[in-house]
Amino acid sequence: MSLNTVCLRPMRRADIDALVDLLRRTWYADGEPQVQTMVARTDLEFCLARTTTAIVAEYRGRAVGVALGHINRKTGGRFPVNRHHKAACKAMLRLMRTAEGRRGAHELMVLGVEGELMSATARRQGHTYDAEVILLILDRMMQGSGVGARLFDGMEQAFRQAGAQRYFLYTNTGCNVGFYDHRGLTRRIERTVPGKDGSATTYYLYDSVL
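Right, let's walk through the structure included here.

Analysis parameters
- Residues numbered from 1 in each chain as written.
- Predicted model: local features only at pLDDT ≥ 70, side-chain atom pairs only at ≥ 80, totals over all residues.
- Heavy atoms only, no water.
- Helix = DSSP H or I, 4+ residues; strand = E, 2+ residues; numbered from the N terminus.
- Rg over C-alpha atoms; globule rule 2.2 N^0.38 Å.
- Buried < 20%, exposed > 50% of the residue type's maximum accessible area, 1.4 Å probe, protein only.
- Contact = heavy atoms within 4.5 Å.
- Lys, Arg positive; Asp, Glu negative; His and termini not counted.
- Charge placed at Lys NZ, Arg CZ, Asp CG, Glu CD.
- Salt bridge = Lys/Arg side-chain N within 4 Å of Asp/Glu carboxyl O.

Below, the discussion takes up the overall build of the chain. Looking only at helices and strands, one finds 6 helices and 7 strands in the chain. The helix and strand sequence of the chain, counted from the amino end, reads β-α-α-β-β-α-α-β-α-β-α-β-β. A globule of 210 residues ought to have a C-alpha radius of gyration of about 17 Å, and the chain, at 17 Å, matches this closely. With the C-alpha coordinates of the chain rotated into their principal frame, the extents come out at 45 × 45 × 35 Å. By the burial criterion, 47% of the 210 residues in the chain qualify as buried. Of all intrachain contacts in the chain linking residues separated by at least 6 positions in sequence, the fraction that spans at least 24 positions is 72%. Side-chain charges in the chain split into 30 positive and 21 negative, and the spacing between the mean points of these groups amounts to 5 Å.

Here you go:
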C-alpha cells in the first residue's frame, strides 16, 4: 500500500457509521456485536460532542482512521450542548437495557472519571492547555504504514494554525502508548486502577508544547 493512496480530509457526517465500526473492532470487539456497537457509538458521540477539529484518513473510499481534537475558543463559557451530546445520551440510555450494555456504560464512565481526575491533578501542578487530542484511532491494516503519524501531524498543524501553544491527551494501556513516547510527548500523569477480575489498567495524561 502506498501512502499516496491514503488521503486526509475533514470528517463528514456520513463517516460516523464507518468510524463506529472501526472503534468497535479496535476497542470493543469482545461481547455481543450489537451491544458493543452501541458502546462504540456512545463513545464516539461523546468524543464528537467536544470536537472542534476532525480529520479522517480515507483509503479506497473508506474511512480507515480519524483524529479528533478540541481547540479552546476562550469564550468564557462551557462547551455548548449539541446534537452529539444528545445522541450520546440516547445511546447511553439504550445501553441500560441489558447487563452487558450496563457494563459497557460503566467502562465509559470510568474512562471519563479517570480523565477528569488526571486533568484536576495537572491543574493542581500548574499545567494549562490550549487544545486536546480527543481521539486517535486507526484501522489495524494501516498500522505501521505511517498514516497514524500523518493524522497526528495534521492535528498538531490545526492546533498551531489556531494559535494553540500546548496540548494534552488521555490514553491507557489498552492503546499504543509507545506511539506517544516515540513522538516525544511528556507522560505527565499516571494512574493505575485495579479491575474486579484482578487485572489493572493504567491511565496516562500526555502533553506537549507546539
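That was the structure; now back to the text.
It is worth spelling out the pattern of salt bridges at this point. For the coordinates displayed, the defined rule picks out 16 salt bridges. Linking D17 and R41 is a salt bridge whose minimum nitrogen-to-oxygen distance equals 2.9 Å. Of the two residues, D17 sits in helix α1 (residues 16-27) while R41 sits in helix α2 (residues 33-49), which places them 24 residues apart along the sequence. In this structure, the salt-bridge partner of D139 is R25, at a minimum N-O distance of 3.3 Å. With D139 in the loop between β4 (131-138) and α5 (147-161) and R25 in helix α1, the pair connects residues that are 114 residues apart, well separated along the chain. Judged by relative accessible area, which is 27%, R25 ranks as partly exposed. Salt bridges sharing partners connect three or more residues here, namely D21, R24, R25, R62 and D139.

With that out of the way, let us pick up unusual backbone geometry. Phi is positive for R60, which is not a glycine, with a value near 55 degrees. In this fold, R60 is placed in the loop between β2 (53-59) and β3 (62-71). Classification of R60 as exposed rests on a relative accessible area of 74%.

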